[in-house]
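# Remarks on the overall topology
Single-letter residue listing:
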Amino acid sequence: MLLDKSILELLTGYKNKSIDPVDVINEAYGQIDKYSSKLNTLITVRDKQEVLDFLKTLDSSLPLYGLPYILKDSYATTELRTTCASKILDNYLSPYDATVHKKLKEAGAILIGKGNQDAWGHGASTENSDYGMGKNPWDPTRVVGGSSGGPAAAVATRMCAFAIGEDTGGSIRNPAAWNNISGLRVTYGRVSRYGCVAYASSMDTVGPFGKTAADLAIILKVIAGPDVYDGTSAPHEVPDYNLELTKTPNKLKIGIAPEMFGAGLDQEISNNAQDFASKLAELGHQLIDISLPVAEISDAAYYILAPSETSSNLGRYDGIRYGNTRDLFTQESMRRIMVGTYELSSGYYDAFYRKALKIRTLLIKTFQKAFEQCDVILLPENPIMPPKLGDLISDPLANMLADLYNTPVSLIGSPSLVIPSGFHKNGLPIGVQLVGKKFSESLLLGLGHQYQQVTEWHTRSPQL
Ligand code: GLN
(Lines give C-alpha, C1' and ligand atoms only; values in the text may rest on other atoms or scores of the structure.)
Protein backbone atom coordinates (compact mmCIF):
# COMPACT_ATOMS: atom_id res chain seq x y z
CA MET A 1 0.00 0.00 0.00
CA LEU A 2 1.10 3.56 -0.65
CA LEU A 3 0.08 4.48 2.90
CA ASP A 4 2.57 1.95 4.27
CA LYS A 5 5.25 4.37 3.12
CA SER A 6 6.84 6.90 5.44
CA ILE A 7 5.94 10.57 5.14
CA LEU A 8 9.38 11.29 3.69
CA GLU A 9 8.90 8.61 1.03
CA LEU A 10 5.50 10.01 0.10
CA LEU A 11 6.75 13.59 -0.10
CA THR A 12 9.78 12.54 -2.16
CA GLY A 13 7.51 10.51 -4.44
CA TYR A 14 5.24 13.54 -4.96
CA LYS A 15 8.24 15.68 -5.82
CA ASN A 16 9.76 13.34 -8.40
CA LYS A 17 6.28 12.45 -9.68
CA SER A 18 6.64 8.72 -8.97
CA ILE A 19 3.62 8.93 -6.60
CA ASP A 20 0.42 10.86 -7.29
CA PRO A 21 -1.18 12.38 -4.16
CA VAL A 22 -4.60 11.65 -5.73
CA ASP A 23 -3.83 7.91 -5.52
CA VAL A 24 -2.88 8.26 -1.86
CA ILE A 25 -6.09 10.13 -1.07
CA ASN A 26 -8.13 7.52 -2.96
CA GLU A 27 -6.38 4.78 -1.01
CA ALA A 28 -7.16 6.53 2.31
CA TYR A 29 -10.85 6.81 1.40
CA GLY A 30 -10.84 3.16 0.31
CA GLN A 31 -9.67 2.16 3.80
CA ILE A 32 -12.21 4.48 5.44
CA ASP A 33 -15.02 2.94 3.38
CA LYS A 34 -13.92 -0.57 4.28
CA TYR A 35 -13.21 -0.22 7.99
CA SER A 36 -14.35 3.04 9.59
CA SER A 37 -17.95 2.07 10.34
CA LYS A 38 -16.97 -1.49 11.26
CA LEU A 39 -14.50 -0.24 13.86
CA ASN A 40 -16.17 3.10 14.73
CA THR A 41 -12.91 4.83 13.84
CA LEU A 42 -14.16 8.16 12.50
CA ILE A 43 -17.07 10.31 13.63
CA THR A 44 -17.21 12.51 10.54
CA VAL A 45 -15.66 11.99 7.10
CA ARG A 46 -15.00 14.87 4.73
CA ASP A 47 -16.47 14.73 1.26
CA LYS A 48 -13.87 13.19 -1.06
CA GLN A 49 -14.55 15.48 -4.00
CA GLU A 50 -14.09 18.52 -1.75
CA VAL A 51 -10.70 17.11 -0.69
CA LEU A 52 -9.62 16.44 -4.28
CA ASP A 53 -10.71 19.94 -5.30
CA PHE A 54 -8.79 21.43 -2.39
CA LEU A 55 -5.69 19.46 -3.42
CA LYS A 56 -5.76 21.18 -6.83
CA THR A 57 -5.51 24.59 -5.16
CA LEU A 58 -2.38 23.68 -3.20
CA ASP A 59 1.17 24.73 -3.96
CA SER A 60 3.16 21.52 -4.39
CA SER A 61 6.25 23.02 -2.74
CA LEU A 62 4.53 23.20 0.66
CA PRO A 63 6.24 21.08 3.36
CA LEU A 64 3.32 18.67 3.92
CA TYR A 65 1.81 19.00 0.44
CA GLY A 66 -1.08 16.62 -0.20
CA LEU A 67 -0.79 14.49 2.95
CA PRO A 68 -4.23 13.32 4.19
CA TYR A 69 -4.70 13.54 7.95
CA ILE A 70 -7.26 12.85 10.67
CA LEU A 71 -7.85 15.06 13.72
CA LYS A 72 -9.21 13.84 17.01
CA ASP A 73 -12.74 15.24 17.18
CA SER A 74 -11.71 17.54 20.01
CA TYR A 75 -10.28 20.12 17.59
CA ALA A 76 -12.30 23.02 16.26
CA THR A 77 -12.50 22.98 12.46
CA THR A 78 -14.49 25.16 10.09
CA GLU A 79 -14.83 22.37 7.50
CA LEU A 80 -16.34 19.65 9.71
CA ARG A 81 -18.46 19.58 12.87
CA THR A 82 -16.63 19.22 16.20
CA THR A 83 -18.44 16.85 18.58
CA CYS A 84 -15.76 15.80 21.08
CA ALA A 85 -17.71 12.51 20.82
CA SER A 86 -20.62 13.97 22.80
CA LYS A 87 -24.19 14.50 21.60
CA ILE A 88 -24.05 17.79 23.49
CA LEU A 89 -22.04 19.13 20.54
CA ASP A 90 -23.68 16.86 17.96
CA ASN A 91 -24.00 19.45 15.23
CA TYR A 92 -21.60 22.10 16.44
CA LEU A 93 -19.73 23.81 13.60
CA SER A 94 -16.90 26.01 14.81
CA PRO A 95 -16.51 29.51 13.36
CA TYR A 96 -12.71 29.22 13.67
CA ASP A 97 -9.91 26.68 13.25
CA ALA A 98 -7.76 25.24 16.03
CA THR A 99 -4.17 26.46 15.65
CA VAL A 100 -2.86 22.95 15.03
CA HIS A 101 -5.30 22.50 12.16
CA LYS A 102 -4.55 25.96 10.74
CA LYS A 103 -0.81 25.23 10.76
CA LEU A 104 -1.23 21.85 9.07
CA LYS A 105 -3.54 23.35 6.46
CA GLU A 106 -1.07 26.14 5.74
CA ALA A 107 1.67 23.53 5.34
CA GLY A 108 -0.36 21.78 2.61
CA ALA A 109 -1.76 18.80 4.54
CA ILE A 110 -5.43 17.93 4.00
CA LEU A 111 -7.99 17.14 6.71
CA ILE A 112 -10.11 14.16 5.63
CA GLY A 113 -11.96 13.25 8.82
CA LYS A 114 -12.41 13.55 12.58
CA GLY A 115 -11.55 10.59 14.81
CA ASN A 116 -13.63 8.91 17.49
CA GLN A 117 -12.65 9.27 21.16
CA ASP A 118 -13.95 9.06 24.69
CA ALA A 119 -16.31 12.01 25.05
CA TRP A 120 -14.45 15.07 26.44
CA GLY A 121 -11.28 12.96 26.70
CA HIS A 122 -12.71 11.02 29.64
CA GLY A 123 -11.39 7.49 29.36
CA ALA A 124 -8.69 5.11 28.20
CA SER A 125 -10.70 3.01 25.76
CA THR A 126 -12.98 5.08 23.42
CA GLU A 127 -15.91 3.18 24.94
CA ASN A 128 -17.30 6.43 26.41
CA SER A 129 -18.26 7.78 22.99
CA ASP A 130 -21.76 8.77 21.90
CA TYR A 131 -20.83 7.62 18.38
CA GLY A 132 -20.20 3.94 19.06
CA MET A 133 -17.44 2.18 20.97
CA GLY A 134 -14.12 2.28 19.13
CA LYS A 135 -12.88 -1.22 18.23
CA ASN A 136 -9.27 -2.33 18.06
CA PRO A 137 -8.16 -3.15 14.49
CA TRP A 138 -5.88 -5.91 15.84
CA ASP A 139 -8.86 -7.61 17.49
CA PRO A 140 -12.26 -5.93 17.05
CA THR A 141 -13.65 -7.64 20.16
CA ARG A 142 -11.27 -5.49 22.21
CA VAL A 143 -11.03 -1.77 22.94
CA VAL A 144 -8.94 0.48 20.71
CA GLY A 145 -7.56 2.50 23.64
CA GLY A 146 -8.20 6.11 24.39
CA SER A 147 -9.15 8.64 24.66
CA SER A 148 -7.69 9.35 21.17
CA GLY A 149 -8.59 5.84 19.94
CA GLY A 150 -10.04 6.83 16.55
CA PRO A 151 -7.04 8.79 15.24
CA ALA A 152 -4.67 6.02 16.41
CA ALA A 153 -6.69 3.29 14.65
CA ALA A 154 -6.88 5.48 11.54
CA VAL A 155 -3.07 5.48 11.31
CA ALA A 156 -2.86 1.74 12.04
CA THR A 157 -5.40 0.91 9.32
CA ARG A 158 -3.83 3.35 6.83
CA MET A 159 -6.82 5.69 6.55
CA CYS A 160 -4.37 8.62 6.60
CA ALA A 161 -0.67 9.51 6.49
CA PHE A 162 -0.69 10.78 10.09
CA ALA A 163 -3.13 11.95 12.75
CA ILE A 164 -3.35 14.41 15.61
CA GLY A 165 -4.40 13.29 19.08
CA GLU A 166 -4.63 15.02 22.43
CA ASP A 167 -2.97 13.74 25.59
CA THR A 168 -3.99 14.85 29.08
CA GLY A 169 -3.29 11.67 31.03
CA GLY A 170 -2.21 9.22 28.34
CA SER A 171 -4.69 9.69 25.51
CA ILE A 172 -2.02 9.63 22.82
CA ARG A 173 0.31 7.16 24.50
CA ASN A 174 -2.20 4.46 25.42
CA PRO A 175 -3.82 4.02 21.96
CA ALA A 176 -0.42 4.36 20.21
CA ALA A 177 0.76 1.27 22.11
CA TRP A 178 -2.46 -0.72 21.61
CA ASN A 179 -2.47 0.01 17.84
CA ASN A 180 1.23 -0.59 17.10
CA ILE A 181 1.97 2.96 16.00
CA SER A 182 4.19 5.79 17.25
CA GLY A 183 2.75 8.65 19.30
CA LEU A 184 4.22 11.67 21.02
CA ARG A 185 3.02 13.48 24.09
CA VAL A 186 4.83 16.81 23.82
CA THR A 187 6.20 19.02 26.59
CA TYR A 188 3.33 21.03 28.07
CA GLY A 189 3.22 24.24 26.01
CA ARG A 190 5.25 22.97 23.04
CA VAL A 191 2.18 22.97 20.75
CA SER A 192 -0.65 25.50 20.99
CA ARG A 193 -3.87 24.23 22.58
CA TYR A 194 -5.97 26.95 20.99
CA GLY A 195 -9.12 25.41 19.56
CA CYS A 196 -8.73 22.14 21.43
CA VAL A 197 -11.76 21.34 23.61
CA ALA A 198 -10.39 21.74 27.15
CA TYR A 199 -10.33 18.72 29.47
CA ALA A 200 -7.78 19.45 32.22
CA SER A 201 -6.08 22.64 31.07
CA SER A 202 -2.95 22.28 33.18
CA MET A 203 -2.13 18.95 31.49
CA ASP A 204 -3.75 19.02 28.02
CA THR A 205 -1.25 18.64 25.17
CA VAL A 206 -1.58 18.41 21.39
CA GLY A 207 0.56 15.80 19.65
CA PRO A 208 1.03 13.62 16.57
CA PHE A 209 0.45 9.95 15.75
CA GLY A 210 2.43 8.35 12.94
CA LYS A 211 3.96 5.09 11.82
CA THR A 212 7.47 6.06 12.95
CA ALA A 213 9.42 8.49 15.10
CA ALA A 214 10.77 10.01 11.87
CA ASP A 215 7.20 10.77 10.71
CA LEU A 216 6.42 12.40 14.05
CA ALA A 217 9.50 14.63 13.72
CA ILE A 218 8.24 16.02 10.39
CA ILE A 219 4.79 16.80 11.80
CA LEU A 220 6.05 18.22 15.08
CA LYS A 221 8.21 20.75 13.27
CA VAL A 222 5.08 22.16 11.61
CA ILE A 223 2.75 22.22 14.63
CA ALA A 224 5.15 23.32 17.43
CA GLY A 225 5.76 26.91 18.49
CA PRO A 226 4.27 29.85 20.33
CA ASP A 227 0.80 31.15 19.60
CA VAL A 228 -0.68 34.50 20.64
CA TYR A 229 -4.00 32.71 21.23
CA ASP A 230 -2.56 30.35 23.86
CA GLY A 231 -0.86 32.06 26.79
CA THR A 232 0.63 28.75 27.91
CA SER A 233 2.34 28.05 24.58
CA ALA A 234 6.12 28.11 25.02
CA PRO A 235 8.35 30.74 23.43
CA HIS A 236 11.20 28.22 22.99
CA GLU A 237 12.68 28.01 19.53
CA VAL A 238 11.39 25.13 17.38
CA PRO A 239 14.27 22.94 16.23
CA ASP A 240 14.26 21.20 12.87
CA TYR A 241 13.25 17.89 14.47
CA ASN A 242 13.76 16.10 11.20
CA LEU A 243 17.37 17.24 10.80
CA GLU A 244 18.06 16.51 14.46
CA LEU A 245 16.84 12.90 14.20
CA THR A 246 20.24 11.46 13.46
CA LYS A 247 22.08 13.67 15.94
CA THR A 248 21.00 11.82 19.09
CA PRO A 249 24.14 10.25 20.59
CA ASN A 250 24.20 6.50 21.12
CA LYS A 251 25.71 6.78 24.58
CA LEU A 252 22.70 8.00 26.52
CA LYS A 253 21.98 7.09 30.12
CA ILE A 254 18.64 5.29 30.21
CA GLY A 255 17.02 5.24 33.65
CA ILE A 256 14.94 2.26 34.75
CA ALA A 257 13.02 2.34 38.03
CA PRO A 258 12.27 -1.08 39.54
CA GLU A 259 9.25 0.41 41.37
CA MET A 260 7.57 0.95 38.00
CA PHE A 261 7.72 -2.75 37.18
CA GLY A 262 5.79 -3.99 40.19
CA ALA A 263 2.31 -5.25 41.03
CA GLY A 264 -0.42 -4.87 38.43
CA LEU A 265 1.92 -4.98 35.44
CA ASP A 266 1.30 -7.79 32.94
CA GLN A 267 4.36 -10.08 33.03
CA GLU A 268 4.80 -10.13 29.26
CA ILE A 269 4.65 -6.33 29.07
CA SER A 270 7.28 -6.21 31.79
CA ASN A 271 9.52 -8.67 29.92
CA ASN A 272 9.00 -6.74 26.72
CA ALA A 273 10.26 -3.53 28.33
CA GLN A 274 13.34 -5.42 29.57
CA ASP A 275 13.98 -6.70 26.02
CA PHE A 276 13.60 -3.17 24.76
CA ALA A 277 16.18 -1.99 27.31
CA SER A 278 18.60 -4.73 26.19
CA LYS A 279 18.24 -3.56 22.60
CA LEU A 280 19.13 -0.02 23.66
CA ALA A 281 22.16 -1.39 25.49
CA GLU A 282 23.21 -3.20 22.29
CA LEU A 283 23.00 0.13 20.50
CA GLY A 284 25.56 1.52 22.97
CA HIS A 285 23.35 3.16 25.60
CA GLN A 286 23.94 2.69 29.29
CA LEU A 287 21.18 1.31 31.53
CA ILE A 288 20.99 2.88 34.98
CA ASP A 289 18.92 1.96 38.02
CA ILE A 290 16.93 4.91 39.33
CA SER A 291 14.29 5.31 42.00
CA LEU A 292 10.80 6.59 41.20
CA PRO A 293 8.44 5.67 44.03
CA VAL A 294 5.57 7.50 42.38
CA ALA A 295 3.21 5.05 40.70
CA GLU A 296 0.37 4.95 43.23
CA ILE A 297 0.40 8.59 44.30
CA SER A 298 0.51 9.89 40.71
CA ASP A 299 -2.69 8.21 39.65
CA ALA A 300 -4.43 9.38 42.83
CA ALA A 301 -3.29 12.98 42.36
CA TYR A 302 -4.18 12.98 38.66
CA TYR A 303 -7.67 11.67 39.36
CA ILE A 304 -8.24 14.55 41.78
CA LEU A 305 -6.80 17.32 39.63
CA ALA A 306 -8.19 16.22 36.23
CA PRO A 307 -11.84 15.92 37.42
CA SER A 308 -11.52 19.24 39.28
CA GLU A 309 -10.36 21.00 36.14
CA THR A 310 -12.90 19.30 33.90
CA SER A 311 -15.79 20.13 36.25
CA SER A 312 -14.91 23.76 35.75
CA ASN A 313 -14.16 23.53 32.00
CA LEU A 314 -17.40 21.70 31.22
CA GLY A 315 -19.44 24.39 32.99
CA ARG A 316 -19.54 26.31 29.70
CA TYR A 317 -21.74 23.66 28.06
CA ASP A 318 -24.88 24.97 29.64
CA GLY A 319 -27.23 24.32 26.72
CA ILE A 320 -27.94 28.04 26.47
CA ARG A 321 -25.03 29.57 24.57
CA TYR A 322 -24.37 26.53 22.45
CA GLY A 323 -24.71 22.80 22.52
CA ASN A 324 -27.54 20.58 23.71
CA THR A 325 -28.65 19.96 27.28
CA ARG A 326 -26.35 18.77 30.04
CA ASP A 327 -28.22 15.52 30.66
CA LEU A 328 -26.46 14.23 27.56
CA PHE A 329 -23.19 13.87 29.47
CA THR A 330 -22.14 10.19 29.70
CA GLN A 331 -22.03 8.35 33.05
CA GLU A 332 -18.23 8.71 33.08
CA SER A 333 -18.35 12.48 32.53
CA MET A 334 -21.14 12.92 35.11
CA ARG A 335 -18.99 11.04 37.62
CA ARG A 336 -16.02 13.30 36.94
CA ILE A 337 -18.07 16.49 37.16
CA MET A 338 -19.52 15.35 40.51
CA VAL A 339 -16.13 14.30 41.92
CA GLY A 340 -14.42 17.48 40.69
CA THR A 341 -17.11 19.77 42.05
CA TYR A 342 -16.93 18.01 45.40
CA GLU A 343 -13.14 18.34 45.59
CA LEU A 344 -13.24 22.04 44.82
CA SER A 345 -15.99 22.85 47.28
CA SER A 346 -15.34 24.63 50.53
CA GLY A 347 -14.01 22.32 53.23
CA TYR A 348 -12.85 19.68 50.75
CA TYR A 349 -10.52 21.90 48.74
CA ASP A 350 -7.76 21.64 51.35
CA ALA A 351 -8.35 17.96 51.99
CA PHE A 352 -8.18 16.90 48.34
CA TYR A 353 -7.30 19.53 45.76
CA ARG A 354 -4.51 21.27 47.66
CA LYS A 355 -3.05 17.93 48.73
CA ALA A 356 -2.98 16.74 45.13
CA LEU A 357 -1.16 19.93 44.14
CA LYS A 358 1.45 19.21 46.80
CA ILE A 359 1.92 15.72 45.39
CA ARG A 360 2.38 17.27 41.97
CA THR A 361 5.23 19.43 43.27
CA LEU A 362 6.76 16.40 44.94
CA LEU A 363 6.63 14.48 41.68
CA ILE A 364 8.33 17.30 39.80
CA LYS A 365 11.16 17.22 42.35
CA THR A 366 11.42 13.42 42.24
CA PHE A 367 11.73 13.41 38.47
CA GLN A 368 14.19 16.34 38.52
CA LYS A 369 16.40 14.25 40.76
CA ALA A 370 16.08 11.22 38.49
CA PHE A 371 17.02 13.33 35.48
CA GLU A 372 20.25 14.32 37.24
CA GLN A 373 21.27 10.68 36.88
CA CYS A 374 19.94 9.85 33.42
CA ASP A 375 18.92 11.41 30.09
CA VAL A 376 15.82 9.35 29.38
CA ILE A 377 13.51 7.25 31.56
CA LEU A 378 12.14 4.00 30.17
CA LEU A 379 8.61 3.15 31.35
CA PRO A 380 6.05 0.57 30.30
CA GLU A 381 3.10 2.18 28.53
CA ASN A 382 -0.02 0.23 29.50
CA PRO A 383 0.02 -2.10 32.52
CA ILE A 384 -2.49 -4.38 30.76
CA MET A 385 -3.35 -5.49 27.22
CA PRO A 386 -6.52 -4.04 25.61
CA PRO A 387 -9.54 -5.48 27.47
CA LYS A 388 -12.66 -6.87 25.84
CA LEU A 389 -15.24 -4.25 24.83
CA GLY A 390 -17.45 -3.38 27.79
CA ASP A 391 -14.97 -4.42 30.50
CA LEU A 392 -13.40 -1.03 31.26
CA ILE A 393 -16.59 0.98 30.91
CA SER A 394 -18.21 -1.17 33.59
CA ASP A 395 -15.20 -0.89 35.91
CA PRO A 396 -14.28 2.79 36.46
CA LEU A 397 -11.43 1.93 38.82
CA ALA A 398 -9.75 -0.37 36.27
CA ASN A 399 -10.20 2.44 33.75
CA MET A 400 -8.18 4.77 35.97
CA LEU A 401 -5.52 2.18 36.76
CA ALA A 402 -4.85 1.78 33.04
CA ASP A 403 -3.16 5.20 33.28
CA LEU A 404 -0.69 4.15 35.96
CA TYR A 405 2.40 4.93 33.88
CA ASN A 406 0.93 7.92 32.08
CA THR A 407 -0.19 10.18 34.88
CA PRO A 408 3.23 10.88 36.45
CA VAL A 409 4.49 12.21 33.11
CA SER A 410 1.37 14.33 32.63
CA LEU A 411 1.68 15.87 36.07
CA ILE A 412 5.31 16.92 35.56
CA GLY A 413 4.73 18.29 32.03
CA SER A 414 7.47 16.22 30.38
CA PRO A 415 7.44 14.82 26.84
CA SER A 416 7.04 11.10 26.24
CA LEU A 417 7.44 9.09 23.06
CA VAL A 418 5.60 5.79 22.65
CA ILE A 419 6.84 3.35 20.02
CA PRO A 420 5.97 -0.24 19.12
CA SER A 421 8.23 -2.72 20.93
CA GLY A 422 6.86 -6.17 20.16
CA PHE A 423 3.85 -8.44 20.49
CA HIS A 424 2.12 -10.29 23.30
CA LYS A 425 1.55 -14.03 22.92
CA ASN A 426 -2.11 -13.20 22.26
CA GLY A 427 -0.99 -11.47 19.05
CA LEU A 428 -1.64 -7.91 20.22
CA PRO A 429 0.93 -5.12 20.05
CA ILE A 430 2.92 -3.68 22.97
CA GLY A 431 4.56 -0.26 23.22
CA VAL A 432 7.06 1.41 25.56
CA GLN A 433 7.42 4.98 26.78
CA LEU A 434 10.59 7.04 26.53
CA VAL A 435 10.28 10.01 28.87
CA GLY A 436 12.60 13.01 28.73
CA LYS A 437 13.28 16.36 30.33
CA LYS A 438 11.09 19.24 29.19
CA PHE A 439 11.73 20.20 25.55
CA SER A 440 13.82 17.09 24.86
CA GLU A 441 11.58 15.99 21.97
CA SER A 442 14.56 15.88 19.57
CA LEU A 443 16.44 13.50 21.81
CA LEU A 444 13.44 11.20 22.29
CA LEU A 445 12.57 11.11 18.60
CA GLY A 446 16.23 10.42 17.77
CA LEU A 447 16.35 7.54 20.25
CA GLY A 448 13.10 6.12 18.88
CA HIS A 449 14.49 6.44 15.38
CA GLN A 450 17.66 4.54 16.34
CA TYR A 451 15.52 1.69 17.69
CA GLN A 452 13.27 1.66 14.62
CA GLN A 453 16.34 1.44 12.34
CA VAL A 454 17.23 -1.94 13.84
CA THR A 455 13.77 -3.42 14.53
CA GLU A 456 10.70 -4.08 12.42
CA TRP A 457 7.79 -4.03 14.91
CA HIS A 458 6.61 -0.64 13.62
CA THR A 459 6.26 -1.99 10.05
CA ARG A 460 3.49 -4.42 11.02
CA SER A 461 -0.11 -3.46 10.45
CA PRO A 462 -3.30 -5.28 11.44
CA GLN A 463 -4.59 -7.95 9.05
CA LEU A 464 -8.24 -7.07 8.77
N1 GLN B 1 -7.50 8.08 30.56
C2 GLN B 1 -7.19 9.38 31.03
C3 GLN B 1 -8.42 10.04 31.59
O4 GLN B 1 -9.46 9.52 31.42
C5 GLN B 1 -6.55 10.20 29.96
C6 GLN B 1 -7.45 10.96 29.07
C7 GLN B 1 -6.73 11.95 28.21
O8 GLN B 1 -5.50 11.99 28.16
N9 GLN B 1 -7.51 12.77 27.53
O10 GLN B 1 -8.35 11.06 32.20
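Since we're looking at a predicted model, the values are computed, not measured. (Residues numbered from 1 in each chain as written. Predicted model: local features only at pLDDT ≥ 70, side-chain atom pairs only at ≥ 80, totals over all residues. Heavy atoms only, no water.)

Attention now goes to the overall build of the protein chain. Helix and strand content of the protein chain: 15 helices and 13 strands. For a compact globule of 464 residues, the expected C-alpha radius of gyration is about 23 Å, and the protein chain comes in at 20 Å, within 12% of that figure. Once the C-alpha set of the protein chain is aligned to its principal axes, its extents read approximately 60 × 60 × 45 Å. Nonlocal contacts in the protein chain, meaning residues at least 24 apart in sequence, comprise 77% of its contacts between residues at least 6 apart. Working note: accessible area of the protein chain is about 17,000 Å², and carbon and sulfur atoms make up 54% of it. Here the protein chain holds 44 positive side-chain charges and 50 negative ones, and the gap between their average locations is 2 Å. (Helix = DSSP H or I, 4+ residues; strand = E, 2+ residues; numbered from the N terminus. Rg over C-alpha atoms; globule rule 2.2 N^0.38 Å. Contact = heavy atoms within 4.5 Å. Areas by Shrake-Rupley, 256 points an atom, 1.4 Å probe, with all protein chains shown as cover. Lys, Arg positive; Asp, Glu negative; His and termini not counted. Charge placed at Lys NZ, Arg CZ, Asp CG, Glu CD.)

Quick look at the UniProt feature "domain: Amidase" (unreviewed entry) in the protein chain now. Within this structure's numbering, the places UniProt gives as "domain: Amidase" (unreviewed entry) are residues 23–445. Between the C-alpha atoms that bound residues 23–445 the distance is 29 Å, and the span itself is 37% helix and 16% strand. (UniProt positions renumbered as here; feature names shortened; annotations may be inferred.)

This paragraph deals with the environment of histidine 285. By the element assignment, histidine 285 lies in the loop between helix 9 (267–282) and strand 10 (286–289). Separated by 186 residues in sequence, histidine 285 and threonine 99 have C-alpha atoms that sit 37 Å apart. Excluding anything up to four places from it in sequence, histidine 285 contacts Pro249, Asn250, Lys251, Leu252, Ile254, Leu280, Leu447 and Gln450.

Mapped onto the present numbering, the UniProt feature "active site" (unreviewed entry) falls on Lys72, Ser147 and Ser171. A stretch of 100 residues holds the annotated residues, and the largest C-alpha distance among them is 10.5 Å, short enough that they meet in one place. Looking at where lysine 72 falls in the secondary structure, it is placed in strand 2 (residues 68–72). With residues near it in sequence (within four places) discarded, lysine 72 still touches Lys114, Gly115, Gln117, Ser147, Ser148, Pro151, Ile164, Gly165, Glu166 and Ser171. Here serine 171 shows up in the loop between strand 6 (162–167) and helix 6 (173–179). Classification of serine 171 by relative accessible area gives buried; the value is 5%. (Buried < 20%, exposed > 50% of the residue type's maximum accessible area, 1.4 Å probe, protein only.)

This brings us to the site of the ligand. Around the ligand sit 16 residues in total, of which Gly169, Ser171, Tyr199, Tyr302 and Asp403 are the nearest. The backbone of threonine 168 places a nitrogen or oxygen atom 2.8 Å from an oxygen atom of the ligand. Between the ligand and the protein, one listed contact pairs an oxygen atom with a side-chain N or O atom of arginine 336 at 2.9 Å. In isolation the ligand has 300 Å² of accessible area, and contact with the protein removes 100% of it. Contributions of two or more residues to the shell around the ligand are made by strand 6 and helix 10 (295–313). Looking at the shell around the ligand residue by residue, the class counts come to four nonpolar, eight polar and four charged. (Near = heavy atom within 4 Å. Polar contact = N/O pair within 3.5 Å; in protein donor to acceptor, adjacent residues only side chain to side chain. Nonpolar A, V, L, I, M, F, W, Y, C, P; charged D, E, K, R; others polar.)

What follows deals with the state of the cysteines. Taken as a whole and assessed by the stated rule, the structure comprises zero disulfides. Distance from the sulfur of cysteine 84, which forms no disulfide, to the nearest cysteine sulfur (cysteine 196) is 7.4 Å. The class for cysteine 84 is buried, based on a relative accessible area of 2%. (Disulfide = S-S within 2.5 Å.)

Let us now look at unusual backbone geometry. The linkage connecting glycine 146 with the following residue, serine 147, adopts the cis geometry, with an omega of 10°. Within the secondary structure layout, serine 147 lies in the loop between strand 5 (139–143) and helix 5 (149–156). For cysteine 84, which is not a glycine, the phi torsion comes out positive at approximately 55°. Position of cysteine 84 among the secondary structure elements: in the loop between strand 2 and helix 4 (99–106). In the Ramachandran plot, phenylalanine 439 falls in the positive-phi region, its phi being about 60° despite a non-glycine side chain. Here phenylalanine 439 falls in the partly exposed class, since its relative accessible area comes to 28%.

Moving on: the sheet that holds strand 13 (residues 429–436). Spatially, eleven strands are ordered 1-3-2-6-8-7-12-13-11-9-10 in an open sheet, and the strand pairing comes out mixed. Edge positions in the sheet fall to strand 1 (42–45) and strand 10, since each has one partner strand and no second. In this sheet, adjacent strand axes meet at a mean angle of 30° when their direction is disregarded. Taken together, the three bridges between strand 1 and strand 3 (residues 110–115) define a ladder with antiparallel strand orientation. Looking at the pairing, threonine 44 lines up with lysine 114 of strand 3. Each of strand 2, strand 3, strand 6 and strand 8 (205–210) touches helix 4; the most contacted strand, strand 2, lies at about 175° to it. (Pairing = 2+ DSSP bridges. Axes fitted to C-alpha atoms, helices over the stretch in contact; angles between N-to-C directions.)

Looking now at the side chain of serine 74. Structurally, serine 74 is set in the loop between strand 2 and helix 4. Note on serine 74: relative accessible area 2%, which makes it buried. Contacts of serine 74, omitting those with residues within four sequence positions, involve Thr82, Cys84, Gln117, Glu166, Gly195, Cys196 and Val197.

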